[in-house]
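Residue-level listing of the chains:
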Amino acid sequence: MQNKLINNSLRNIAIIAHVDHGKTTLVDAMFQQSGVFRAGQEMDDRLMDTLDLERERGITIAAKNCSVVWQGVRINIIDTPGHADFGGEVERALSMADGAILLVDASEGPLPQTRFVLKKALEAGLKIVVVINKIDRRDARPEAVLDEIYDLLIDLDATEDQLEFPLLYAVGRDGVSAKSLDEDSENLNDLFETILEAVPGPSHNPGAPFQMLVSDLGYSDYLGRLAVGKIFNGTARSNDSLVCLGENGHSVPLKVSKLQVYKGMQLKDVDVVQAGDIVVLAGIDDVKIGDTICNQLAPLALPRICVDEPTVSIKFLFNNSPFGGKEGKYIQFSRIRERLVKETLVNVAIELAETEERDSILVNGRGEFQLAILIETMRREGYEFCVGRPQVIFRYENREKQEPMERLMVDCKEQFMGVVTEKLSLRKGKMTNLINNGKGRVRIEFSVPARTLIGYRDEFLTDTRGTGIMHSLFDGYGSFRGECPSRFTGSIVADRTGKAVAYALYNLEPRGRLFAVPGDPFYEGMIVGEHNRSQDIDVNPSKEKKLTNIRASGKDDAVILSPVKAMTLEQAISFIREDELVEVTPQSIRMRKAVLSAHKRHTMRGGKNKKK
């Protein structure tokens, strides 16, 4: 076998971190100190959070590429999401990397989402550099966190070589890093030097024909479809004639119209690209993530990007409510289906499945949060549709029903441990670990069915008075743990079309929590509140006060209503039951019954009771 050569002029690294551990802030500091921006140039913070949703929520949703140059070596940085629901983004991002920076908060330590991405990096055989960030925090405990990192690596079956990782301490916000806690530093030089020393350059077979693995897709109004990926072997030039090998060995010829590489956050046109480069290639329309672009004379496919299978599904439906078509730009189901097909081309973790109904389609993904982000994105693009309650995807092994399990980590005050444990045991959860450090807070780990966690987050925050922290991670499939009610309350449902009136809402308040305010329009079958009891009730929110000529003390006092907190999209999706839908439009989020007519629902209930 021919010896592989190393391209020492390049480094391809992925940055791994849990949500809010300072990953995007550290990348900002690397940009500033590597000379990407000229002196005095104004720049925004969180440069890698390019999507509006990322900036609003403070999380990374899509994996993105950029590069910095240090001592003549170009370092390609791949920003990976810190949430397990975006695992498809992680897997395709790691396919381009040769090493990874594991960024861990000096107080919180490695959390479940860190575990997920790190496991993928270790499986890919990447060289790990550990950076303990935020060592300036008052509650920082870097020595204990380092022990936790070792425990995590051992638990993930890391090799001896992977356990001997380079270690750095950093304050990403201040742009400083050091090799020991006692060392004073004014910059990130130690980090840059460690990357060059510890992370190997990309290797390739000399003389091998061109091979590029497509890890991402883009689109340009001028260039058409763009294929983004790492070159594993060979070189390519503009106007070269190549071939794209698809999933079933299907080949599509292409001519390279433009080649680009990352320079900072921008793309730079180049005439030739070499092995190890992460490039953007234009000149092909029919390409998918995982395809191999290679030489026509020696077409040889690289191993495709493999992602974990979906565990949650949501049904997308045409909006047939009385308010349908009033607020959306794209309301036809054919347009909605077309948009979802487009999403599967750029997101390898999303799959579509047909249903028996003509105007509905099942969308399968990694988690309810990932699907909620997709729904919110489509809503902002002008689409109008309905979605059902998230359902977990069951599977059967040897005729035994299996369901997806979650490893749930709860961090809360000691006084709330009882109520949290009680609620999770009702949801078929099993405690697997309990850590009490004697400082008033406890860290508990549970094994919980994924389906019973849907809708629990708001209840958890209420039970812990907003002070609890909860993270979950997919933990494989396990035996079905039995039925569990998704919600212990019913719905307050409007029985006619109209506008909400303060007098009617005031009299409905004792029945439960309301979602409507005076003046809100509603229609028959729309959910206007949460009933205190388990059954649904039909009400008239537009009922006005009867006028009489009798006057009594206190009769005409002003009606004072309790404040109403508007439901977010994630809350609405988690709140609804199996027979309910969320109506999503660019302007509104409404909850409704799948069957709008109160008479039909009453008849259906009667039929079910007779069968029982």
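Notes on the structure in this doc start here.

Tallying secondary structure elements over the protein chain gives 15 helices and 37 strands in all. When burial is assessed residue by residue, the protein chain has 51% of its 612 residues classed as buried. Within the protein chain, contacts between residues separated by at least 24 positions form 72% of all contacts whose residues are at least 6 apart in sequence. Surface exposure of the protein chain reaches about 29500 Å², of which carbon and sulfur atoms provide 48%.

Together, Y503, Y506 and V559 make up an exposed nonpolar region whose accessible area comes to about 250 Å². Residue position: V559 is located in the loop between strand 35 (537-539) and helix 14 (569-575).

Per the stated rule, a full pass over the model turns up 34 salt bridges. Of the charged contacts, one joins R379 and E376 as a salt bridge, the two residues approaching to 3.2 Å between their closest N and O atoms. Here E376 and R379 lie together in helix 9 (residues 368-380), a separation of 3 residues that amounts to about one turn. R451 is paired through a salt bridge with E403; the nearest N and O atoms lie 2.4 Å apart.

What follows deals with the pairing of strand 18 (residues 278-282). With 5 of its 5 residues buried, strand 18 lies for the most part within the structure. What you see with strand 18 is no split at all: I278, V280 and A282 on one side and V279 and L281 on the other are buried throughout. Taken together, the 5 bridges between strand 11 (residues 224-233) and strand 18 define a ladder with antiparallel strand orientation. Bridging across to strand 18, G229 finds its partner in V279. Summarising the sheet, strand 15 (residues 258-263) and strand 18 pair through 4 bridges and their orientation is antiparallel. Within strand 18, the residue paired with Q260 across the bridge is V280.

Pairing in this open sheet of 8 strands is antiparallel, and the strands run 14-13-19-10-11-18-15-16 from one edge to the other. Whereas interior strands pair on both sides, the edge strands pair on one side only; in this sheet they are strand 14 (251-255) and strand 16 (266-270). Adjacent strand axes in the sheet meet at a mean angle of 40° when their direction is disregarded.

Running from amino to carboxyl end, helix 1 (residues 23-33) crosses helix 7 (residues 189-198) at an angle of 90°, the nearest separation of the two axes being 11 Å. Relative to helix 7, helix 1 is oriented roughly perpendicular. Every residue of helix 7 that contacts helix 1 at L26, M30 and Q33 is listed here: L191, F192 and I195.

What follows concerns the sheet that holds strand 32 (residues 512-514). Reading across from one edge, 32-34-30-35 is the order of the 4 strands in this open sheet, with mixed pairing throughout. Whereas interior strands pair on both sides, the edge strands pair on one side only; in this sheet they are strand 32 and strand 35. Neighbouring strand axes in the sheet, compared pairwise and without regard to direction, differ in orientation by 30° on average. Bridge count between strand 30 (residues 490-494) and strand 34 (residues 527-531): 4 bridges; the pairing is antiparallel. Following the sheet pairing, I492 is matched in strand 34 by G529.

Cut-off values and rules
- Residues numbered from 1 in each chain as written.
- Predicted model: local features only at pLDDT ≥ 70, side-chain atom pairs only at ≥ 80, totals over all residues.
- Heavy atoms only, no water.
- Helix = DSSP H or I, 4+ residues; strand = E, 2+ residues; numbered from the N terminus.
- Buried < 20%, exposed > 50% of the residue type's maximum accessible area, 1.4 Å probe, protein only.
- Contact = heavy atoms within 4.5 Å.
- Areas by Shrake-Rupley, 256 points an atom, 1.4 Å probe, with all protein chains shown as cover.
- Patch = residues over 30% accessible without salt bridge, like charges linked within 9 Å, V, L, I, M, F, W, Y side chains within 5 Å.
- Salt bridge = Lys/Arg side-chain N within 4 Å of Asp/Glu carboxyl O.
- Pairing = 2+ DSSP bridges.
- Axes fitted to C-alpha atoms, helices over the stretch in contact; angles between N-to-C directions.
- Parallel < 35°, antiparallel > 145°, perpendicular 65-115°, else oblique.

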